Amino acid sequence: SGGSLTFTSSSAATNITISGGTFTPNANLTNSGIFTLGGNGNLGGTGVLTLNGAFNWNGANINTGGAINANGGMAMGGPGALLHTIVARTLNNAGIANVTTTGNVFMDNGAVINNQDLATFNVQSNISFNFGGGATPSINNAGVFRRNVGTGTFTLSGISFTNTDTVNADSG
């Protein structure tokens, strides 16, 4: 919490929590357990981060660098209206992603979210995914992209959306 950790050679871990600090994997890292990024923490680095367990993104910054492969499911939430920011990085969802945050999501400098084949991206709150600046960010859906909870509005603002499979607006 509040510190800084940098990896410079390929590594493996079981459970990682970043809360208010900076985590910089500059080499490939595989995490087999729970990976939690929250408390206004920062994830940077140039390595590929492969998450085979749950990925809990609880209001933090994902900055420039390599890809994140969320293979074990993903939750975007956290207490209160925390902001989630992804800058110039690719996030690949291969499981079930549940977006429950009440804070908006900002995508900057060409950030990409890929919802892969057989994956599901559930938006369960009234939020916006916003373009913050730089190259246009994108969301690419090859699985199921679903708005399935709530009566309010979910908005994509300035973000390219490409769909090659299923989009469901079950509510809102």
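Let us look at the structure shown here. (Residues numbered from 1 in each chain as written. Predicted model: local features only at pLDDT ≥ 70, side-chain atom pairs only at ≥ 80, totals over all residues. Heavy atoms only, no water.)

1. Brief notes about the pattern of salt bridges
Heads up, the condition is: What makes a salt bridge here is a side-chain nitrogen of Lys or Arg within 4 Å of a carboxyl oxygen of Asp or Glu, nothing more. Secondary structure counts use DSSP, requiring at least four H or I residues in a row for a helix and at least two E residues in a row for a strand, with both numbered from the N terminus.
For the structure shown, the criterion picks out one salt bridge. The closest approach of N and O atoms between Arg146 and Asp170, which form a salt bridge, is 3.4 Å. Here Asp170 lies in the segment after β24 (166-169) and Arg146 lies in strand β21 (residues 144-147), a separation of 24 residues in the sequence.

2. Some points on the side chain of Thr24
Our working definition: By the convention used here, residues are in contact when the closest approach between their heavy atoms is within 4.5 Å.
As for its placement among the helices and strands, Thr24 is situated in strand β4 (residues 22-25). Ignoring anything within four residues of it in the chain, the contact list for Thr24 reads Leu5, Thr6, Phe7, Gly44 and Gly45.

3. With respect to the packing of aromatic side chains
In plain terms, the rule: Aromatic rings from Phe, Tyr and Trp, with only the six-membered ring used for Trp, were paired whenever their centres fell within 6.5 Å, and each pair was classed as stacked if the ring planes differed by under 30 degrees, edge-to-face if by over 60, and tilted otherwise. Classification of residues uses two cut-offs on accessible area relative to the type maximum, computed with a 1.4 Å probe and protein chains only: under 20% is buried, over 50% is exposed, and between them is partly exposed.
What the rule picks out here adds up to nine aromatic pairs. Measuring from centroid to centroid gives 5.6 Å for Phe129 and Phe154, while their planes differ by 80°, and the two rings are edge-to-face. One end of the pair, Phe129, is in strand β19 (residues 128-131); the other, Phe154, is in the loop between β21 and β22 (155-157), and 25 residues separate them in sequence. On the basis of relative accessible area, Phe129 is assigned to the buried category, the value being 0%. Considering the side-chain rings of Phe145 and Phe161, the 5.1 Å spacing of their centres and the 75° angle between planes classify their relative orientation as edge-to-face. Here Phe145, found in strand β21, pairs with Phe161, found in strand β23 (residues 160-163); they are 16 residues apart in sequence, far enough to count as distant. You can call Phe145 buried: its relative accessible area is 6%.

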